[in-house]
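This is what each chain is made of:
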Amino acid sequence: MWAFIILYILGLNVCQASGEGNSTQMHYVKLTIEESVIANITEILKAFVVDNTLVGNLTKTTICQNVSAGTLCSCEPGFIWSNKVCQSNQKCCSNKNCTFTNIPTPMCVLNNAVTITGSIVLNVQYQNCLKDKTSQEYQNCDSKLVREMKTVFSTLTGFDILTIRNYRVGSIIADFEMTIAYSVKQGDLIKTLLLLSRNLSASLNLETKGFVHLSMPPSPVCYSCHPNLTCTSEEDLEVPPLWNLTSNGVVVNIFNGTESEVTSAPTTTSVILKQLSDRWEGEYSCSYTQTSDSNIIIHKASAVMDIALLPNIASTTSPEFPRCQKGSDFVNVRVNCDVGSNNQENYTVTWTGKGLFTAITPSGPSGGVYSGDTIVSCKSTNGSKPQLTCTFNNTCNEQQNASTDVNIIYESDIFCAAEGDWKDTKAGYTAHLKCLNAAGQRQRKCSADGKWETEVAQCVNLDVNRALEQAYIVDVGLGSLDKNVANVFFLLGNITNNLQAINTYANMNASIQVLLSLSQKPISITEESAINNFLESSSNLLEKSLKESWTKAGQSNSSLAESYLSSVEQLIQKANITQGKDKKNIEVEASDCTQGSQCSNMVFNVTIELDSQHPGSVKTAGFQELQNYLPEKGDFEPNSIVVSTTMTTSESKLLESVNVKINFQLLKPRPRDVQIKCVSWDNTTRSWSEKGCEWLGSSKEGSCTCTHLSTFAILMSRYPVNITGLEEVTYVGLSVSVVSLIFSMAIELTVWSAVVKTISSYLRHTAHIHIALCLLIADCCFLASSNPKDLPEMWCKVFVVLKHFCYLSMFFWMLCLSSMLLHKTVFPLHHMSKNAYMRFFLFLGYVCPLLIVVITFLCYNTGAKDVYFSSDTCWLRYSGLLKGSIHTFVIPVGIIVFFNVFSMIVVIMKLLDHPINTDKSNENDNEKKAAKTAMRSVILLTPIFGVTWIFGFAVMLIDLTAGTVAFAVNYIFTLLNAFQGLFILLTTCLGDKLIREALLNRLRKNDPASTTDSSTKLDSTWKQ
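How each quantity is defined
Residues numbered from 1 in each chain as written. Predicted model: local features only at pLDDT ≥ 70, side-chain atom pairs only at ≥ 80, totals over all residues. Heavy atoms only, no water. Helix = DSSP H or I, 4+ residues; strand = E, 2+ residues; numbered from the N terminus. Buried < 20%, exposed > 50% of the residue type's maximum accessible area, 1.4 Å probe, protein only. Contact = heavy atoms within 4.5 Å. Areas by Shrake-Rupley, 256 points an atom, 1.4 Å probe, with all protein chains shown as cover. Axes fitted to C-alpha atoms, helices over the stretch in contact; angles between N-to-C directions. Left-handed = near helix turned anticlockwise from the far one by under 90°. Nonpolar A, V, L, I, M, F, W, Y, C, P; charged D, E, K, R; others polar. Pairing = 2+ DSSP bridges. Phe/Tyr/Trp six-rings, centres within 6.5 Å; stacked < 30°, edge-to-face > 60°. Lys NZ or Arg CZ within 6 Å of the ring centre and 35° of its normal. Salt bridge = Lys/Arg side-chain N within 4 Å of Asp/Glu carboxyl O. Expected span 1.5 Å × (residues − 1). Disulfide = S-S within 2.5 Å. pLDDT = per-residue confidence, 0-100. Patch = residues over 30% accessible without salt bridge, like charges linked within 9 Å, V, L, I, M, F, W, Y side chains within 5 Å. Parallel < 35°, antiparallel > 145°, perpendicular 65-115°, else oblique. Arc of directions from axis to C-beta.

*Asks:* Sorry, what's going on with the overall build of the chain here?
*Replies:* Along the chain, the regular secondary structure elements total 21 helices and 49 strands. Within the chain, buried positions represent 47% of all 1024 residues. Contacts spanning at least 24 positions in sequence make up 66% of the contacts within the chain whose residues lie at least 6 apart. Entry remark: accessible area of the chain is about 50600 Å², with carbon and sulfur atoms responsible for 53%.

*Asks:* I tried to follow the packing of helix α7 (residues 481–496) against helix α9 (residues 528–540) on my own but got confused; where do I start?
*Replies:* A pair of packed helices is captured by two measures, namely the crossing angle of their axes and the spacing between those axes. Where α7 meets α9, the closest approach of the two axes is 8 Å, and the angle between their N-to-C directions is 35 degrees. The chirality of how α7 crosses α9 is left-handed. For the pair formed by α7 and α9, the contact residues are Ala 486, Phe 489, Phe 490, Leu 492, Gly 493 and Thr 496 on the first element and Ala 530, Asn 533, Phe 534, Ser 537 and Asn 540 on the second. A class-by-class count of the residues in the contact of α7 with α9 yields six nonpolar, five polar and no charged.

*Asks:* Whenever I open this one, the sheet that holds strand β19 (residues 268–273) confuses me. Can you help?
*Replies:* The strands making up a sheet associate through backbone hydrogen bonding, with each pair oriented either parallel or antiparallel. Ordered in space as β13-β15-β19-β18, the four strands form an open sheet in which the pairing is antiparallel. For this open sheet the edge positions go to β13 (212–215) and β18 (260–264), each flanked by a neighbour on one side alone. Going across the sheet, the axis of each strand differs from the next one's by a mean of 10 degrees, ignoring polarity. For strand β15 (residues 228–233) and β19, the ladder comprises five bridges, and the chain directions are antiparallel. By the bridge assignment for β19, Thr 232 is matched with Thr 268.

*Asks:* How should I be thinking about unusual backbone geometry in this particular structure?
*Replies:* Working note: non-glycine residues mostly have negative phi, and peptide bonds are mostly trans. Residue Pro 220 follows Ser 219 across a cis peptide bond; omega there is -5 degrees. The linkage connecting Ser 318 with the following residue, Pro 319, adopts the cis geometry, with an omega of 0 degrees. As for its position among the elements, Pro 319 is in the loop between β23 (314–318) and β24 (330–338). One non-glycine residue, Glu 625, lies in positive phi territory at about 75 degrees. Following the sequence through the fold, Glu 625 ends up in the loop between β39 (616–623) and β40 (636–638). Residue Thr 862 is not a glycine yet carries a positive backbone phi of 50 degrees.

*Asks:* Explanation requested: the environment of Val 847 in the structure shown.
*Replies:* Within the element layout of this structure, Val 847 appears in helix α14 (residues 834–859). Each C-alpha atom, one on Val 847 and one on Phe 812, is 9.7 Å from the other, the two residues being 35 residues apart in sequence.

*Asks:* Would you take a moment to explain the sheet that holds strand β32 (residues 430–434) for this structure?
*Replies:* Sheet architecture is open: three strands sit in the order β32-β33-β34, paired in antiparallel fashion. Two strands in the sheet have a free side with no partner beyond their single neighbour: β32 and β34 (456–457). Relative to strand β33 (residues 441–445), β32 is paired through five bridges, and the arrangement is antiparallel. Of the residues in β33, the one forming a bridge with Ala 431 is Arg 444.

*Asks:* I'm lost on the packing of aromatic side chains in this one. Help?
*Replies:* Describing an aromatic ring pair means giving the distance of the ring centres and the angle of the ring planes. Counted according to the given criterion, the structure contains 29 aromatic pairs. Ring geometry for Trp 813 versus Tyr 846: centroids 5.5 Å apart, planes at 70 degrees, classification edge-to-face. Residue Trp 813 is found in helix α13 (residues 793–826), and its partner Tyr 846 is found in helix α14; the two are separated by 33 residues along the sequence. The buried category is assigned to Trp 813, whose relative accessible area is 0%. A connected cluster of aromatic rings, assembled from ring pairs, spans Phe 805, Trp 813, Tyr 837, Phe 840, Phe 841 and Tyr 846. The ring of Tyr 126 has Lys 144 sitting right over it, with the charged end atom 5.3 Å from the ring centre.

*Asks:* Please clarify how the pattern of salt bridges should be interpreted in this entry.
*Replies:* Oppositely charged side chains are able to pair whenever their charged atoms sit close together. Overall, the coordinates contain 20 salt bridges when judged by the stated rule. Residue Asp 338 is joined to Lys 434 by a salt bridge in which the shortest nitrogen-to-oxygen separation is 2.9 Å. Of this pair, Asp 338 sits in strand β24 while Lys 434 sits in strand β32; the two residues are 96 residues apart in sequence, bridging distant segments of the chain. For Asp 338, a relative accessible area of 18% puts it in the buried group. Measuring nitrogen to oxygen at the nearest pair gives 4.0 Å for the salt bridge that ties Glu 625 to Lys 544. Here Lys 544 lies in the loop between α9 and α10 (558–574) and Glu 625 lies in the loop between β39 and β40, a separation of 81 residues in the sequence. In this structure Lys 544 comes out as exposed when scored by relative accessible area, which is 61%. One salt-bridge network, in which partners are shared between bridges, spans Asp 421, Arg 442 and Glu 455.

*Asks:* Would you take a moment to explain helix α4 (residues 136–153) for this structure?
*Replies:* An α-helical segment advances 3.6 residues per turn. Residues three or four places apart therefore align on the same side. Spanning 18 residues, α4 covers 25 Å between terminal C-alpha atoms, matching the ideal 26 Å at 1.5 Å per step. For α4, the full list of buried residues reads Tyr 138, Cys 141, Asp 142, Leu 145, Val 146, Met 149, Thr 151, Val 152 and Phe 153. Against β9 (114–122), β10 (159–169), β11 (172–180), α5 (186–200) and β12 (203–209) lie the buried residues of α4.

*Asks:* Sorry if this is basic, but what is going on with the state of the cysteines here?
*Replies:* Linking two cysteines covalently through their sulfur atoms gives a disulfide. Counted under the stated rule, the structure contains 12 disulfides. Covalently, Cys 324 is tied to Cys 378 through a disulfide, its sulfur atoms 2.1 Å apart. Between Cys 324 and Cys 378, the S-S dihedral sits near -95 degrees, and the bridge is therefore left-handed. With Cys 324 in the loop between β23 and β24 and Cys 378 in the loop between β27 (369–377) and β28 (387–393), this residue pair connects regions lying 54 residues apart in the sequence. In this pair, the class of Cys 324 matches that of Cys 378, namely buried. Among the cysteines around Cys 774, which has no disulfide bond, Cys 806 carries the closest sulfur, lying 5.6 Å off.

*Asks:* Teacher, can you tell me more about the pairing of strand β20 (residues 282–292) here?
*Replies:* Across a regular strand the side chains alternate sides, sitting on one face of the sheet and then on the other. With respect to burial, β20 is a largely interior element, eight of its 11 residues being buried. Pairing between strand β16 (residues 241–247) and β20: six bridges, direction antiparallel. Looking across to β20, one finds that Leu 245 is bridged to Tyr 284. Direction of pairing for β20 relative to strand β21 (residues 295–305): antiparallel, over a ladder of 11 bridges. Looking at the pairing, Thr 289 lines up with Ile 298 of β21. Hairpin connection of β20 to β21: two residues between the antiparallel strands, including Asp 293 at a positive phi of 55 degrees.

*Asks:* What is the right way to look at the confidence of the model for the chain in this model?
*Replies:* Detail in the predicted coordinates should be disregarded across regions flagged by low pLDDT. Summing up the model confidence of the chain, the mean pLDDT is 84 and the portion of residues at 70 or higher is 86%. By mean pLDDT, helix α21 (residues 1017–1023) is the weakest element of the chain at 41, and β19 is the strongest at 95. Scored below 50 in pLDDT, residues 4–19 shows 79 contacts in the model against residues more than four places distant or in partner chains. Note that pLDDT drops below 50 for residues 1006–1024; the model gives that stretch 43 contacts with residues more than four away or on any other chain.

*Asks:* What is the right way to look at a nonpolar patch on the surface in this model?
*Replies:* On the surface, Leu 881, Leu 882, Ile 891, Ile 895 and Leu 957 cluster together into a nonpolar patch covering about 600 Å² of accessible area. Looking at Ile 895, the relative accessible area reads 56%, which means it is exposed.

*Asks:* Whenever I open this one, the packing of α7 against helix α8 (residues 505–519) confuses me. Can you help?
*Replies:* Between α7 and α8, the least distance of the axes is 11 Å, while the angle of their chain directions is 165 degrees. Here α7 is positioned roughly antiparallel relative to α8, judged by the angle of their axes. Seen along the crossing, α7 lies across α8 with a hand that is left-handed. Facing Val 485, Val 488, Phe 489 and Leu 492 of α7, the residues of α8 in contact are Ser 511, Val 514, Leu 515 and Leu 518. Of the residues in the contact of α7 with α8, the class split is seven nonpolar, one polar and no charged.

*Asks:* Is there a simple way to think about the pairing of β33 in this case?
*Replies:* The alternating pattern of β33 places Arg 442 and Arg 444 on a buried face and Gln 441, Gln 443 and Lys 445 on a face that is not buried. If you look at the hairpin formed by β32 and β33, you'll find six residues sitting between the two strands, and Asn 437 has a positive phi there, around 55 degrees. Of the strand pairs in this sheet, β33 and β34 are connected by two bridges, and their pairing is antiparallel. Bridge pairing in β34 links Gln 443 to Val 456.

*Asks:* Can you help me understand helix α18 (residues 964–978) in this one?
*Replies:* The end-to-end C-alpha distance of α18 is 21 Å, a good match for the 21 Å that 15 residues give at a rise of 1.5 Å each. All of the buried residues in α18 are Ala 966, Val 969, Asn 970, Phe 973, Thr 974, Asn 977 and Ala 978. In an axial view of α18, the angular spread of the buried residues amounts to 130 degrees, which keeps them on one side of the axis. Those residues of α18 that are exposed and aimed more than 90 degrees away from the buried face are Thr 964 and Val 965. Looking at the buried residues of α18, the elements they touch are α11 (726–755), α17 (950–957) and α19 (980–989).

*Asks:* Looking at this structure, I do not really get the environment of Ser 318. What am I missing?
*Replies:* Relative to the helices and strands, Ser 318 is located in strand β23. For the pair Ser 318 and Val 335, spaced 17 residues apart in the sequence, the C-alpha separation amounts to 6.2 Å.

See the structure below:
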């Protein structure tokens, strides 16, 4: 006997008490007939009318027959097993035939049957539905609601079952389930919802299954495949579809990405997976959401996809370096192939080997580790290493393998003996250990001579590693790109707030890799929280306490800092920053430039002014501490924070024509004569470059101008500007001066009795000797302290005090000489005694400079190093204009030189003041004689009056970084004053006719030279 289950529809007003349209009700009939009449069954199934009720659409759904195992049933074409059957028996879902043991047997439903689940929010008149189910009030309320709902829903063709599953609070909400045997038009469904909503003053949320159909590839899907998931709807729903994947209880949306491609048409949408992995396993669903007034309809289809995965295999040997013991012929080796504890795939594993003594005996798996044991010979194989291979086959017979060499420590090999966690390791090889509670490995090399080197830990905090893994897959297509990026920055922000969690190079590197990975993705950072997390985490990485984490032992940190700078710059460009963002170590300022205007941003008190002929958005970022990690070459070091300026404009090529002015705040004061460079980061050479940038000079120490946009900084030389040959000229000049001064003093003493005949000559020659003596001692001290680095601090201080005193004393004796000359010139009839002059000279020449030196010494922390004197130069300190001990020397010298110049001018004017000669024929001769007299006076008086030291003030005022002018002034000052002793010899001794004659007479052993001759008016003046 054969059994048929027949579906038919009762029409007209079966359920509808009143309303629009005909009401329908589904009935199912089980018909048992002889096999011989099966062919004629279709003749019976025709529509008929009974008591004004139309019975139509009679259709066979299921054919069943008794078999030994139970009842074998099959669905007729156009029918499938219901969701209830699929849930209870998974095998039935994919098969047309299914065997059942339970009675009654299930039935097939139309493949376009629609199941609707939903909820309806009711008004207070249905509050009794919240009462106990056994109460009469509940039963009346429930019956009333069911009747109202059936009255409306039964107008849908194929309406079958309506069941209210429960009532819950939140207003009054009824959850229900409804089945419609045939496909339903969305317009009809919306019409019924509006009607029911109006009748009950309610709102509904519905989810349909069966209106949309999801076509899936057969499971399992092979790893190398590119499956196409297609979702079709009965009609154009005029709303965009949404794809979801539910995996491990987490629901994510599917978008276009590097691993997925989503396409949509009016009635079709599909997802093509371009690369499979375990993250694409799970339940897929496509849905269309429609809204009508306060009602929501979600048309949804779901299916599960299982993937035949291939593993990532990490193969190792245990022990890592098997050691052959003395007298042993073989050693046991175990190979471990680790596929991860989360990999639940059922693999078929095969083992092969090369150079093994026995076949591999498999064991496991345990915790994702498949193992195999074998025996290896301890006899050397002339460089050929034994090799072990594990091959994994999935259910699609796709395979993945991994091989590892067996590095045997033979009896004659050098090795590092086990130490702590580290086992015996062959010389020249590196041992590896898994990090405990962290991702990565610990490594330790055994040197060629069998000595352990320092351990290198590449252990990454699990939270940091999770953020890095998430950063790599933000754009694969799982989840919204913007939300994925925001989630990564949230993770990174939480991690970097705990500095102890990232205080190693490995964690710092991984954190920067997160930023680098995101910077290379086609993302935009729009959420305010994401922008804050991004800047906060980037700022945290620059904390001073993490300084050591930027450098890997024995390696440069440049690549890490470069990656950080490049990635953060790009992410700032991608971020929707329209106003200032201030973090501890990062500040970002944004402004919009209009055409032809000047934009100005300020970060960490660094001002950036941009002149551009084209409009655009300008963003400036300041980075504290980053300058310490970027590489610098040569004798320059960073002396400012790093500042990056970028501009977004439609005319990208025109960015080359911008003019940028930057006013930096120097991190430490620029010492005098120290060169500064304005630089930008060159990504090509991976170094700082001066190209396109210019320093504005010592008057504006922190100011730069550049002709392009980039990352800018200031580099300062570690050493002052060195003038070529100046040091050599100084030492030669001083040496010549020392010898010249000795000769001067010797000549003075030799001819003393011959030239000293008057008070004026006595005072003049006395001053000459004291000037020469002071200059001689000062020059000797200068030569003795020519290499300050090799001098003890005490000796350096002694030489500074002596130079300070002797140079001052020299100038004060020059003051004595010039004041005497001025007095004799202006007041020729006024006479003072020799003793009065000498008391005045001795006080002025020695007591005054001594007081200045002692007071300066005491005021500057009793002559402390780098307070009173500089240990780099063994001379007084210069700290700026009117700052530093040098001014206790410069100011007195300046006053004296000014007075001496004044005295010299007065003397020259006195010499030129002669009677007017009426003889015009001699007028030219008189003018020439006057010019010669003036010139001779200047030449004779300049060295002894210290006038050449005027150039010293120019040296102080002009910084060596000024260039050619500064170099010229320094050369002139050095030449005139290093050879000052020689000039004194030439002008005061050899240039004086009286001394020359006296010296010649002394050498010829003749009578002393006459003192009555006077060859010039200057000589007459000296004798007065």
